[in-house]
Amino acid sequence: MSSVFHEILRTVANAMEIPVVVILILLLALSVFFIGWILTEYFTERRQMKIVLPALLEELRGGGGTDAIERSGLLKRQKAVLLELCRHPDFSSALREGLAANLLEKEQAHYDRILKTTDLIAKLAPMFGLLGTLIPLGPGIIALGQGDTYTLSVSLLTAFDTTIAGLIAAAVCLVISNLRRRWYNGYMADLETLMDCVCEAEATHA
């Protein structure tokens, strides 16, 4: 009876070999895509971001308002959020603070969605790499018992290749996630400070 279960498990494992390899190839392709994405993000946004936060805060406190925001070196998303907050000068302080909290939450959710994909790949890729390592070892061990060194070498080569693919995809996505998380935390800290300043300035000049 146990041999039947062993055959079922072996059949399932063999059936999973090709899907695991395909998934690993897709994860590698995604990691290459994310490398291009973060390079594009760096050269089109991060590198262009030129802001002296204390000077901008002073300008906003002095009543610079929308003109100061539009002239600043902030990111487009940061400018859009701050300008949205400035479009409602007739709001009460409590309502303005509520709007600011809502806008901040949406920005945080936007950045979290971007990070979620690379975080997921960094966790899944080693698992699929391990699956790709273990699945071909079964036929390889059987081939070793039968003296078939060619099948054994092919199985070991597949095992090594899948392990390497999984680790490369995981490492790339882990580095990208950590780098982006540092960027986005800085963006959110600056944006929160600027929104507090805008709310204070609006209340002062109301």
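For the structure, see preceding data.
Residues numbered from 1 in each chain as written. Predicted model: local features only at pLDDT ≥ 70, side-chain atom pairs only at ≥ 80, totals over all residues. Heavy atoms only, no water.

Draft legend 1. The overall build of the protein chain, seen in detail. Along the backbone of the protein chain there are 7 helices and 0 strands. The N-to-C order of helical and strand elements in the protein chain reads α-α-α-α-α-α-α. Radius of gyration (C-alpha) of the protein chain: 27 Å, far over the 17 Å computed for a compact globule of 206 residues. Its C-alpha atoms give the protein chain principal-axis dimensions of about 85 × 35 × 20 Å. Out of the 206 residues in the protein chain, the part that is buried amounts to 34%. When the accessible surface of the protein chain is split by element, carbon and sulfur atoms take 66% of a total near 12,300 Å². Within the protein chain, one finds 18 positive and 22 negative side-chain charges whose respective centroids are separated by 3 Å. (Helix = DSSP H or I, 4+ residues; strand = E, 2+ residues; numbered from the N terminus. Rg over C-alpha atoms; globule rule 2.2 N^0.38 Å. Buried < 20%, exposed > 50% of the residue type's maximum accessible area, 1.4 Å probe, protein only. Areas by Shrake-Rupley, 256 points an atom, 1.4 Å probe, with all protein chains shown as cover. Lys, Arg positive; Asp, Glu negative; His and termini not counted. Charge placed at Lys NZ, Arg CZ, Asp CG, Glu CD.)

Draft legend 2. Main features of helix α5 (residues 93–134). Its 42 residues give α5 an end-to-end C-alpha distance of 61 Å, which sits within 8% of 62 Å, the value for a rise of 1.5 Å per residue. L115 marks the point of greatest bend in α5, at about 25°. (Expected span 1.5 Å × (residues − 1). Bend = angle between axes of the 7 residues up to and from the residue.)

Draft legend 3. Seen up close, the layout of surface pockets. Of the volumes computed, that of the largest pocket is approximately 270 Å³. T44, E45, L75, K76 and R77 are, among the 19 residues lining the largest pocket, the residues nearest its centre. If you list the elements that add at least two residues to the lining of the largest pocket, you get α1 (2–46), α4 (76–86), α5 and α7 (149–205). Looking at which element gives the most residues to the lining of the largest pocket, the answer is α1, with 4 residues. For the lining of the largest pocket, the class distribution of residues is 8 nonpolar, 5 polar and 6 charged. (1 Å grid on protein atoms, 1.4 Å probe; cavity = no way out; pocket = protein on both sides within 12 Å on 5 of 7 lines; lining within 4 Å. Points joined across faces, edges and corners; volume = space filled by probe spheres on them. Nonpolar A, V, L, I, M, F, W, Y, C, P; charged D, E, K, R; others polar.)

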